[in-house]
Amino acid sequence: MTIGTANQTQLSFIKEVTAGTTPATPTMQILRMVSESLQVNNTTTQSQEITTTRDIPDLIVTDQSSSGDINSELSGTTFDALMEAALMTDTTWTSQAMAATTLAATGTGFTDSGNAFVSTGFVVGQFVDVGGFTDTTINQIYRIKTVVAGEITTYPAPPATEVAGASVTIDGSTISSGKTDHSYTIQKSFLDLTTPSYQNFRGCRVSTMNMSLSVGSIVTTGFGIMGMTSETTTSQISGLTETAKTSTDVMNAVTNVSNIIATNESNVTTAIKFTDLSLSFDNSLRDLKAIGTLGAIDIRAGTIQATASINPYFENIQLLEAYLASTEFVLSWQATSADGYTYVFSLPAVKFTSQGLAAGSRDTDMIINGQVQAILDSTSGKTMRIDRFVP
């Protein structure tokens, strides 16, 4: 008798063209994880038939749902598809890149005498990586504040100015919160049983996305899944092949996280030192039920609920004033792996919903305990953005 082990349990997934239908001869991407809880949940109802024996005559399945979490450690490109699904982005990771000698650094951003910023595809709120200037202090990542054909203004502003002439590059790849449905087939494989067995979850959407950064820890991320239907079988999907899981480096919150920034460039300008930061992004999904169908006929999204818990050291009163005045600001953080993959996670408009600052005991440091709610950014029209830079 062979007993299944967690070490021989594998998750793989593929994007569906039609929600709830696995593509023919699918090529499934094997997914890295530290734990998962995907499962089928039956709702049962006791028969109310009267019997003379006092027994329950039957227990009948009256509903079924599929859901669970996939918990992981952040690494380059591993979860790009799930990030797209979580944000319900209207565009996939599409790279924008410029390489020209017509680019100059100014006191507020960058100009291009070739007028190619808009045609290249750069948008407000996006983070871009600038390189190639002779003054290397200019070469870094910036957030675009405004963009027209011949000029972008940025945060931060370039630390120095430089006329055009050098061969300069500006590139980026971004996704943002939208309303496009992304559905997947997720397969859970039990590979060490005498007869390998599989659970196929179809019509899966990413309900929630979470991230946690803590002192002395790995950056962890998790995705909550809601599916339409499921099956358990010993027969593999016809024609299925698999793509090996990624091997990119796991990121930590010690040497791999930088540029944690809360700013509105007026009365909130703090580059913050944090003890903890956690993100919760919830699509408020609901499953649609119908007579004649076991499971869901579809899954629909509701209002985005994006929040963050932030615990920065108390260095000045800016964040306290932001709470009292209900001031809007940008919250962003950057994670770069040892093998060169960079992500910038940003909530372009947040407000505090709660905040605490107390001297709890002697020989301790003052830490602000805050909760922020992301709202629609009136400039970019987005609630959340993720930018990616691939080496």
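Throughout this document, residue positions are counted from 1 along each chain, in the order its sequence is written. The model is predicted, so local features are restricted to residues of pLDDT at least 70 and side-chain atom pairs to those at 80 or more, both for listing and for counting; the totals for chains, interfaces and linings are taken over all residues. Heavy atoms from the whole structure form the basis of all side-chain values; hydrogens and water molecules are not counted.

## A closer look at the overall build of the chain
The following threshold applies: A run of DSSP states H or I qualifies as a helix once it reaches four residues; a run of E qualifies as a strand once it reaches two. Both are numbered from the N-terminal end. We call two residues in contact whenever any of their non-hydrogen atoms come within 4.5 Å of each other. Using the Shrake-Rupley algorithm and a 1.4 Å probe, accessible areas are obtained, with residue cover drawn only from the displayed protein chains. When charges are counted, Lys and Arg are positive and Asp and Glu negative, with His and the chain ends excluded. For this purpose, a charge sits on NZ of Lys, CZ of Arg, CG of Asp or CD of Glu.
The number of helices and strands found in the chain is three helices and 27 strands. Taken along its principal axes, the extent of the C-alpha atoms in the chain is 90 × 55 × 40 Å. Contacts in the chain between residues far apart in sequence, at least 24 positions, make up 70% of those at least 6 positions apart. Of the roughly 18,100 Å² of accessible surface on the chain, 51% is carried by carbon and sulfur atoms. Computed over 19 positive and 35 negative side-chain charges, the inter-centroid distance for the chain is 5 Å.

## Examining the side chain of Thr233
Basically, it comes down to this: Three exposure classes are used, based on accessible area relative to the maximum for each residue type with a 1.4 Å probe and protein chains only: buried under 20%, partly exposed in between, and exposed over 50%. Pairs of N or O atoms within 3.5 Å make up the polar contacts considered here, provided that, within protein, one atom can donate a hydrogen while the other can accept it, and that residues adjacent in sequence are counted only when both atoms are side-chain atoms.
Among the structural elements, Thr233 can be located in strand β16 (residues 229–233). The class for Thr233 is buried, based on a relative accessible area of 18%. Looking at Thr233, its side chain comes within polar contact range of the main-chain nitrogen of Ser235, at 2.9 Å. Excluding anything up to four places from it in sequence, Thr233 contacts Ser197, Tyr198 and Asn200.

## Structural notes on the environment of Val40
The topology assignment puts Val40 in strand β4 (residues 39–46). Val40 gets classed as partly exposed once you look at its relative accessible area, which sits at 29%. Each C-alpha atom, one on Val40 and one on Leu240, is 22 Å from the other, the two residues being 200 residues apart in sequence. Among all residues touching Val40, those that are not within four sequence positions of it are Gln64, Ser65, Ser66, Gln199, Phe201 and Ser230.

## Here we look at the layout of surface pockets
It is a probe the size of a water molecule, rolled over the atoms, that shows where empty space is left. To keep it simple, the criterion reads: Computed over the protein atoms alone on a 1 Å grid, cavities are sets of points where a 1.4 Å probe fits but cannot get out and pockets are open sets with protein on both sides within 12 Å along at least five of seven lines; a residue lines them when it has an atom within 4 Å of a point. Grid points are joined across faces, edges and corners, and a volume is the space filled by probe spheres set on the points. For this classification, the nonpolar set comprises Ala, Val, Leu, Ile, Met, Phe, Trp, Tyr, Cys and Pro, the charged set comprises Asp, Glu, Lys and Arg, and every other residue, Gly included, is treated as polar.
As a volume, the largest pocket reaches approximately 250 Å³. Along the wall of the largest pocket there are 16 residues; nearest its centre are Arg143, Val330, Pro348, Asp377 and Thr379. Put simply, the parts of the chain that give the lining of the largest pocket at least two residues each are β10 (141–148) and β24 (329–336). For the lining of the largest pocket, the element with the highest residue contribution is β10, accounting for three residues. Looking at side-chain class alone, the lining of the largest pocket contains five nonpolar, six polar and five charged residues.

## Comments concerning the nonpolar core
Grouped burial of nonpolar side chains is what soluble globular proteins tend to show. The condition is simple: We define the nonpolar core as a collection of buried residues of types Ala, Val, Leu, Ile, Met, Phe, Trp, Tyr and Cys that are connected through side-chain atoms lying within 4.5 Å of one another.
Ranked by size, the top nonpolar core spans 56 residues in total, and within it Met83, Met209, Leu331 and Ile386 carry the most contacts. No other element matches the six residues that strand β14 (residues 197–214) contributes to this core. Each residue touching Ile386, except ones within four places of it in the same chain, is listed here: Met83, Leu87, Trp93, Ser173, Thr174, Ile175, Met209, Tyr343, Val344 and Phe345. Residues Ala100, Leu103, Phe110 and Ala166 belong to the second largest nonpolar core, which totals 18 residues.

## Quick word on the packing of aromatic side chains
Threshold: Centre distance within 6.5 Å is the pairing criterion for rings of Phe, Tyr and Trp, where only the six-membered ring of Trp is used; planes under 30 degrees apart are then read as stacked, over 60 as edge-to-face, and the remainder as tilted.
Going through the model one piece at a time under the given rule, you end up with ten aromatic pairs. Centre to centre, the rings of Phe79 and Phe223 are 5.8 Å apart; their planes meet at 35°, and the pair counts as tilted. With Phe79 in the loop between β5 (59–73) and α1 (80–87) and Phe223 in strand β15 (residues 220–227), this residue pair connects regions lying 144 residues apart in the sequence. When its relative accessible area of 1% is taken as the criterion, Phe79 is described as buried. Residue Phe223 is classed as buried on the basis of its relative accessible area, which comes to 0%. Both rings, one in Tyr323 and one in Phe352, keep their centres 6.2 Å apart while their planes meet at 80°; by these two values the pair is edge-to-face.

## Brief notes about the pairing of β5
Filter applied, for reference: DSSP bridges decide pairing: two strands pair if at least two such bridges lie between them.
Pairing geometry for strand β3 (residues 35–36) and β5, over two bridges, is antiparallel. Looking at β5, one finds that Ser35 is bridged to Asn71. With eight bridges joining them, β4 and β5 adopt antiparallel strand pairing. Looking across to β5, one finds that Val40 is bridged to Ser66. In the sheet, β5 pairs with β15 via eight bridges, with the strands oriented antiparallel.

## Structural notes on α1
With respect to burial, α1 is a largely interior element, seven of its eight residues being buried. Listing the buried residues of α1 in full gives Asp80, Leu82, Met83, Glu84, Ala85, Ala86 and Leu87. A positive phi of about 50° marks Met88, the residue just after α1.

## Focus on the pattern of salt bridges
Put simply, the rule reads: Here, a salt bridge means any side-chain nitrogen of Lys or Arg that lies within 4 Å of a carboxyl oxygen of Asp or Glu.
Here the structure, examined in full by the defined rule, presents eleven salt bridges. Asp63 is the salt-bridge partner of Lys289, the closest N and O atoms lying 3.0 Å from each other. In this pair, Lys289 is assigned in the loop between β21 (286–288) and β22 (298–300) and Asp63 in strand β5, connecting sequence segments 226 residues apart. The exposure class of Asp63 is partly exposed, given its relative accessible area of 23%. In this structure, the salt-bridge partner of Glu231 is Arg202, at a minimum N-O distance of 3.1 Å. With Glu231 in strand β16 and Arg202 in strand β14, this pair connects stretches of sequence that are 29 residues apart.

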